[in-house]
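# Reading the structure
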Amino acid sequence: MATIGMHFGHDAGAALTDADGYHVIEAERRLGLRHVCGGNGDFPRAVAGWLAELRQRAVSPVTRIAVADWYTPVCRVLPPALVELVNEDARWTATGGTALTDVVTRVIKPLDWPLAKELGDITLTAVRHHYAHAGLAYYTSGARKALVLALDGTGNYAECGMVCLGDGDRLTPVMSFTNRTGPRFGLVYEALARRIHGSQFDTGKLLGLTATGQTDPAVLPVLRAMLVPQSTRRASPDLYEQLDEDQLSGSALRYADTWWEYDPYSGGYLDAGLVDSSDDDVVHSFGSVFPDEIRTADGRGTPVGTSPEDRVCRDLAATLQTAVEGDLTRLVTGISQLFPSYTTLCYAGGCALNITANSRLAECGQFTRVSVPTCCDDSGIALGAALVVADPADRPALLGRTAAASLAYAGPPLSGLGEPGGDPAALAPDLVRRLRGLGLTVQRPIDEEELLRSVADLLADRRCVAWLEGGLETGPRALGHRSLLVSAHWRGARRYVSQTIKSREWFRPVAPICPEEVADRYFTGPLDHTEAMLFAVRVRPERAWELAEARHIDGTARLQTVRPDTHPLLHGLCHAVAARTGLPVLINTSANGGGRPILNDLDEALQLLTETALDAVVLPEHRLIVE
């Protein structure tokens, strides 16, 4: 029987798992509002329709509904029993301890739930936030034995992470982390992102900014004490490195007019004052406000600005990234040594979007494989919740290298093309008439080979195309299904697609796409982890000039490799462009306007075409090129 999962917090959505596969609905892409939660916009009115859509797609009756336990109180369609569980059950809200296995799933009653009457006879189960992250990471990886780690800013109860052991169909929680003691990788990163870029959701921008700064050795131990206080480091030396007290003594953080001196007992700054505070206060103090000034042990004061153009902000970003990478690698290595027979790491949560840190984990020597799902952030929580309560038969069988592709494109097809689910060839004539009626030029190549030649000609001629193919990507990154593409061979390509068309900041990275079989000619690093842009590789020094438009400022690249069996047209396009330019590398960024979610409607794509410098929209399955 099929299982549906739901998530009502930010990056809300619903998802289905059954033997036939996954289907993921991300609310932001239906409602046009980034990071939407269950209380935003039209979510309460729309969610019943999404559930009906998922039930219709299921190959068997839906008998289980899973709801993640992190939610927004303003949502009008919450199960009352979920609210009661989170707000009144002290056992459920506890973190850590030996009874963790008893507080990761709980069957609750669907009484008085507005959506229950639409769902029929179902079993309703609440799923702990980080257990949903862990379930997504493990059950979509194809692994049958793995160490599973979830890390993010926070879930409920100031919890910020969980460690589980995956064995066959079982996923056993063994460790929980809390923001009271650390690690606060996600929270502190969010706080600095909010200060510099204006939003806690701008951590991706902050990661891009890190390449423009330099690590400050004097500030580094201060940031490390913010991430994990010295008291925690002393208590768990197998997981954390102790800091040099001489590098912390006399240091302090200023928030407005108040200085928080380094406290040797707690080994931190705010920690001593937050001992008796509520969970919400702890999360807010570390995650919402970054210090206005940092005083280092040598007495130097560093006022913190609020602009990415400020050199201090850029150096702070670089220093924080250095701190996170070092302490994260030490933590994961320590956990691995506690469970040495688990040689695969499955990793999820918002922290797993930090691609340079991911590469450190892939190259640390502890694991034969590091698996990160495309929707590792909260956009995957609904599916993760569904997977942990589903019968094993309702989790798709993942063989070989199919796991990544099965999840990556589990979103709905492009809308606005005509009859949903209709034959593309049959729909094409009506679509051509409609597009030409709008005054657009439409090419209809006779076959795929001619299509690739025509698009390659555009790219070689320094044009940008929106390539819209197949199911929508899950997670925040376009992976060749809702992508803006330019060829990497010409100077100015990055600026054209990133700044001219999308109005993005100058320091934001773009991502190269390259055929897998030639990737090692241009890049080095964990090339066996590059199917989904979740790991950073390095451009070969001898290719630095040739790939100047595709690499980031620090010489890294967020590479996606493509194969003919999983991406036949995109793989062929890379080679067709190479035949014209000598370079089989395309630059990819998501198809969307500034500040909007990745598009999934033809009208939105046409708006991008007519209102920006975008040159063409390509619909490969319909063999149409619209200019």
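Use the structure listed above.
Reading guide: rules and limits
- Residues numbered from 1 in each chain as written.
- Predicted model: local features only at pLDDT ≥ 70, side-chain atom pairs only at ≥ 80, totals over all residues.
- Heavy atoms only, no water.
- Helix = DSSP H or I, 4+ residues; strand = E, 2+ residues; numbered from the N terminus.
- Rg over C-alpha atoms; globule rule 2.2 N^0.38 Å.
- Buried < 20%, exposed > 50% of the residue type's maximum accessible area, 1.4 Å probe, protein only.
- Contact = heavy atoms within 4.5 Å.
- Areas by Shrake-Rupley, 256 points an atom, 1.4 Å probe, with all protein chains shown as cover.
- Lys, Arg positive; Asp, Glu negative; His and termini not counted.
- Charge placed at Lys NZ, Arg CZ, Asp CG, Glu CD.
- Phe/Tyr/Trp six-rings, centres within 6.5 Å; stacked < 30°, edge-to-face > 60°.
- Lys NZ or Arg CZ within 6 Å of the ring centre and 35° of its normal.
- Polar contact = N/O pair within 3.5 Å; in protein donor to acceptor, adjacent residues only side chain to side chain.
- Pairing = 2+ DSSP bridges.
- Axes fitted to C-alpha atoms, helices over the stretch in contact; angles between N-to-C directions.
- Parallel < 35°, antiparallel > 145°, perpendicular 65-115°, else oblique.
- Nonpolar A, V, L, I, M, F, W, Y, C, P; charged D, E, K, R; others polar.
- 1 Å grid on protein atoms, 1.4 Å probe; cavity = no way out; pocket = protein on both sides within 12 Å on 5 of 7 lines; lining within 4 Å.
- Points joined across faces, edges and corners; volume = space filled by probe spheres on them.

Time to look at the overall build of the protein chain. Helices and strands together make up the secondary structure of the protein chain, namely 19 helices and 26 strands. By the compact-globule yardstick of 25 Å for 627 residues, the protein chain fits well, its C-alpha radius of gyration being 24 Å. In terms of overall dimensions, the protein chain has a C-alpha envelope of 75 × 60 × 45 Å along the principal axes. Burial analysis of the protein chain (627 residues in total) assigns 61% to the buried set. Long-range contacts, defined here as pairs at least 24 residues apart, represent 70% of the contacts in the protein chain between residues at least 6 apart. Looking at the protein chain as shown, the accessible area adds up to about 23,000 Å², and 49% of this sits on carbon and sulfur atoms. Positive and negative side-chain charges in the protein chain, numbering 59 and 77 respectively, have mean positions lying 3 Å apart.

Here the focus is the packing of aromatic side chains. Considering all chains together, one arrives at 6 aromatic pairs under this definition. Here the aromatic cluster, defined as three or more aromatic residues joined through ring pairs, consists of F8, F43 and W50. Between the NZ or CZ atom of R184 and the centre of the ring of F286, over which it lies, the distance is 3.8 Å. The positively charged end of R295 is found above the aromatic ring belonging to W259, 5.0 Å away from the centroid.

A few words on the environment of R369. Along the chain, the position of R369 falls in strand β15 (residues 369-371). The spatial distance from the C-alpha of R369 to the C-alpha of I355 is 15 Å, given a sequence separation of 14 residues. Beyond its immediate stretch of four places on either side in the chain, R369 contacts S141, A143, T343, T344, L345 and H529. Within the structure, the side chain of R369 is placed 2.7 Å from the backbone oxygen of S141, a separation counted as a polar contact.

Bringing the pairing of strand β19 (residues 511-515) into the picture now. Within β19, 5 of the 5 residues are buried, which leaves the element mostly enclosed by the surrounding structure. The side-chain alternation of β19 yields two buried faces, one formed by A511, I513 and P515 and the other by P512 and C514. Summarising the sheet, β19 and strand β24 (residues 586-590) pair through 3 bridges and their orientation is antiparallel. Counterpart to P512 in the pairing with β24 is I587. Here 3 bridges tie β19 to strand β23 (residues 560-562), and the two strands are oriented parallel to one another. In the strand pairing of β23, C514 is matched with T561.

Packing of helix α6 (residues 185-197) against helix α10 (residues 279-287) leaves a shortest axis separation of 7 Å and a crossing angle of 55°. Judged on the interaxial angle alone, α10 and α6 are oblique. Contact residues: L187, V188, E190, A191 and R194 in α6; V283, F286 and G287 in α10. Partitioning the contact of α6 with α10 into residue classes produces 5 nonpolar, 1 polar and 2 charged.

With that settled, consider the pairing of strand β17 (residues 465-468). Two faces belong to every sheet, and in a regular strand the side chains alternate between them. What you see with β17 is no split at all: V465 and W467 on one side and A466 and L468 on the other are buried throughout. Both β17 and strand β25 (residues 616-619) contribute to a ladder of 3 bridges, which runs parallel. Note on β25: the bridge partner recorded for A466 is V617.

Here the second largest pocket defines a volume of roughly 580 Å³. Along the wall of the second largest pocket there are 35 residues; nearest its centre are P412, P413, L414, S415 and L417. When contributions to the lining of the second largest pocket are tallied by element, the ones reaching two or more residues are β3 (21-26), α1 (27-31), α2 (43-57) and α15 (424-437). Counting residues per element, the lining of the second largest pocket draws most heavily on β3, at 3 residues. Among the residues making up the lining of the second largest pocket, the classes are represented as 12 nonpolar, 11 polar and 12 charged.

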